[in-house]
Structure formats: C-alpha cells, structure tokens
Amino acid sequence: MESTKRTLAETSDLLDGVNTLLIDIEGTMTPLSFVKDKLCPYITDNVKEYLTKNWESEECQNDITSLREQAQKDKDESIDGVVEVKAAEENQDDIVPTVVENVCWQIKTNRQTTAFQQLQGHMLREAYKTGKLTAELFEDVAAALKQLAADDRKLYTFSTSTVDVQKLLLAHTTSGDLLESFTGHFDTTTGSPTEGDTYKAIVSTAECKPAEVLFLTSKPAGARAAALAGLGTCLVVRDGADLTEEDKKEFNTITSFVQLTPEVSSNKKATDDAPGENGEKQAENGEKDDDKEALGDDESSNGVDEESSDTA
C-alpha cells in the first residue's frame, strides 16, 4: 500500500490546511489500561447489582431484551461460546445470572455489540455521575485539546463506544469537563472504523472537506481506512500501542498531543520557570539576608559583637 506519510517538510506542521480534527479515544486520549483495568472490571463487578436495583425500570428491561435478541442472533450465526439470556417469562432470579454471564462473555471476547454498549452506557452514566469512576487521560491531552479548540479548530471524537459513553467520559475526566472543547461525536452507528465509507460519512456530516480533516488514532487499520477516504492521518504512539515499525514508516507519528500545539509546551515551560509569588518573596528575603550579612560585616569591622556585649 502506498504510504500516506508526508515529506519531512510537511510534517513540520501537520495542521497546515486543517480546520477539523477527528480523534479516537481508547489508546489515543485515554490509556488502554483505563479500559482494561477500570472500566471492564467495573462492569463485571457491578452488573448483577445494577440489574437487581433497576429491574423494574423500562430502560433496564429494554437493555435485557436487546441482549436476549443479540444472543439469539449470535446463536443463529453459530458464534462460538455464545451465552443465551433466559426468556422474559422466566423469573428474575433465573434471568439475571444469564444476563451477567452474557455480559462477562462479551467483555472477555471483546464482542462490543450494540446491545452490550447500550447496557454499559447506562451503567457508566451512573458510575460517572456518582463519582465511582473518573476517566483517565494522558497528561498531554487536556491542555492541547483546549488550545486546539481556542484556535478555532473543530474537534470530533470517533470511538467504538457509544456517543453517550463518549460524552460521559469527556465530562468526567481527571482534568475536568472537556465536553465544551468538542463540536460533535461519532460511534459505530456511522460505520466501522476500518471502512473508508465510514470516514466519508463523518466528513459529510461534519460539513468539511476530507483534506481539511486530520484523524488522530493509535490504530493503523483505522488510519488506513481514513486515508483511503482522503483524510489526513497521524498515529499517536502511546505505551502499549500495538504498532509495527512498518506502521510507523507508513504514517505520520506523534507521541504527544503537545507536538500539535507547541504553544502549550512553551506556556508550561514559562510557568515552570517563573519564580511566582513565593519565588519573589524568597528572592526578596534572600536580598534582605544579603543586606543583613553586609551590615553584620560592617558592625564586626567596627568592633561590635552583640553576643560579647550580652555576656560582658
């Protein structure tokens, strides 16, 4: 496949001619460990309690119905290991364990069906709003996003998570609420991340030209699909990213969002280098100490010794 990487001169500014950024979330803005070690365990550990507590709600029953229908579809398609959800006429005590088992199976096999995402979204809504979960971001992300938005660039997210889950995550991060920096969000209802037509649909909805969009992701398959649709692409190389040397040669790469916003790095350095109020006071006190030392030297030279006077 022909490389989509720009020449060295072009890579000096990946944002030339770009007015829109499409940004992946998992592994790009948030560490994969957050999904693996926090989000997934939260779902598996709390799904039984959530179902029991919300059993009577229409929303919960709709979630269970969707999972049941998906399980039947998986069975009809001979999906290996599928866990069926007991029929609606069964009692709660019999249905809940099968829903729990189905959800755990989907997480283990990374099924990520719409039915699963729907239930997960409702569980995460409760978790984020009650403070049980806070989304973790790479430390370079928040300031860079704010700067990009301040520069009048439109920011969109694209993730396998539902739009509702994306919004919840961005509204409850370790860096505060970042939702206002974004113009919109896309999920797999628009299409698969590995199909070029998906990105054409995104560009059409965002009302911009493909060449005006830069797609940031840590996943080469998505970058290839976006490139086929005419978008600019850049792989974000994070710890734990499954990238080959060939991937890095094929695409532009960055290791931090700050590389797109050098002014953020400069501002941070200026802040770090500035003495601040405490630093100014310390400097002032230092000057006073120097004056006192000088005065002491003068007094000593005049034969005045306070300690000797006190004990005389």
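Heads up: the structure comes first, above all this text.
Not measured: the values here are computed from a predicted model.

**Q** In this structure, what is going on with helix α6 (residues 163-171)? I would like to understand it.
**A** Helical geometry note: an α-helix holds 3.6 residues per turn, so side chains three or four residues apart project in the same direction. In terms of residue burial, α6 counts as a mostly covered element, since seven of its nine residues are buried. The complete set of buried residues in α6 reads Val 163, Val 165, Gln 166, Leu 168, Leu 169, Leu 170 and Ala 171. The secondary structure elements touched by the buried residues of α6 are α1 (32-53), α4 (114-129), β2 (154-158) and β3 (184-186).

**Q** Please explain a negative patch on the surface as it appears in this structure.
**A** Where like charges cluster on the molecular surface, the negative patch consists of Glu 89, Glu 90, Asp 93 and Asp 94. Structurally, Asp 93 can be placed in helix α3 (residues 92-108). Classification of Asp 93 by relative accessible area gives exposed; the value is 65%.

**Q** How should I be thinking about the pattern of salt bridges in this particular structure?
**A** A side chain of one charge can pair with a side chain of the opposite charge when the charged atoms of the two come close. As enumerated under the stated definition, the model contains 12 salt bridges in all. Notably, a salt bridge pairs Asp 197 with Lys 200, separated by 3.9 Å at the nearest N-O pair. Remark: Lys 200 and Asp 197 occur in helix α7 (residues 196-206); sequence separation between them is three residues, near one turn of the helix. Assessed through its relative accessible area of 57%, Asp 197 is described here as exposed. Exposure remark for Lys 200: the relative accessible area of 48% places this residue in the partly exposed category. Each of Arg 224, Asp 247 and Glu 250 takes part in a single network of salt bridges with overlapping partners.

**Q** Explain the sheet that holds strand β6 (residues 252-254) here, please?
**A** By way of backbone hydrogen bonds, the strands of a sheet pair with one another, either parallel or antiparallel. Ordered in space as β3-β2-β1-β4-β5-β6, the six strands form an open sheet in which the pairing is parallel. Each of the sheet's edge strands pairs with one partner strand only, and the pair in question is β3 and β6. Ignoring strand direction, the axes of neighbouring strands in this sheet form an average angle of 25°. Bridging between strand β4 (residues 213-217) and strand β5 (residues 232-236) involves four bridges; their strand directions are parallel. Of the residues in β5, the one forming a bridge with Phe 215 is Thr 233. Those strands touched by α6 are β2 and β3, and its axis lies near 130° from that of β3.

**Q** I keep staring at the nonpolar core and nothing clicks. Help me out?
**A** Generally speaking, nonpolar side chains in soluble globular proteins are found buried as a group. Leu 21 and Phe 257 are the most contacted members of the largest nonpolar core, which totals 55 residues. The contacts of Leu 21, once residues within four sequence positions are left out, are Leu 15, Leu 148, Arg 153, Lys 154, Leu 155, Tyr 156, Leu 214, Leu 216 and Leu 260. One finds Phe 158, Ile 202, Ala 225 and Ala 229 within the second-largest nonpolar core, a separate group that totals 15 residues.

**Q** How should I be thinking about the packing of α4 against α6 in this particular structure?
**A** Axes are the key here: two packed helices are described by the angle between their axes and the distance separating the axes. Their axes nearest at 9 Å, the elements α4 and α6 cross at an angle of 15°. If you check the angle between α4 and α6, you find them roughly parallel. The hand of the α4/α6 crossing is left-handed. In this structure, α4 contributes Gly 121, Leu 124, Arg 125, Tyr 128 and Lys 129 to the contact, and α6 contributes Val 165, Leu 168 and Leu 169. For the contact of α4 with α6, the residue count by class is five nonpolar, one polar and two charged.

Calculation rules
Residues numbered from 1 in each chain as written. Predicted model: local features only at pLDDT ≥ 70, side-chain atom pairs only at ≥ 80, totals over all residues. Heavy atoms only, no water. Buried < 20%, exposed > 50% of the residue type's maximum accessible area, 1.4 Å probe, protein only. Helix = DSSP H or I, 4+ residues; strand = E, 2+ residues; numbered from the N terminus. Contact = heavy atoms within 4.5 Å. Patch = residues over 30% accessible without salt bridge, like charges linked within 9 Å, V, L, I, M, F, W, Y side chains within 5 Å. Areas by Shrake-Rupley, 256 points an atom, 1.4 Å probe, with all protein chains shown as cover. Salt bridge = Lys/Arg side-chain N within 4 Å of Asp/Glu carboxyl O. Lys, Arg positive; Asp, Glu negative; His and termini not counted. Charge placed at Lys NZ, Arg CZ, Asp CG, Glu CD. Pairing = 2+ DSSP bridges. Axes fitted to C-alpha atoms, helices over the stretch in contact; angles between N-to-C directions. Core = buried A, V, L, I, M, F, W, Y, C linked by side-chain atoms within 4.5 Å. Parallel < 35°, antiparallel > 145°, perpendicular 65-115°, else oblique. Left-handed = near helix turned anticlockwise from the far one by under 90°. Nonpolar A, V, L, I, M, F, W, Y, C, P; charged D, E, K, R; others polar.

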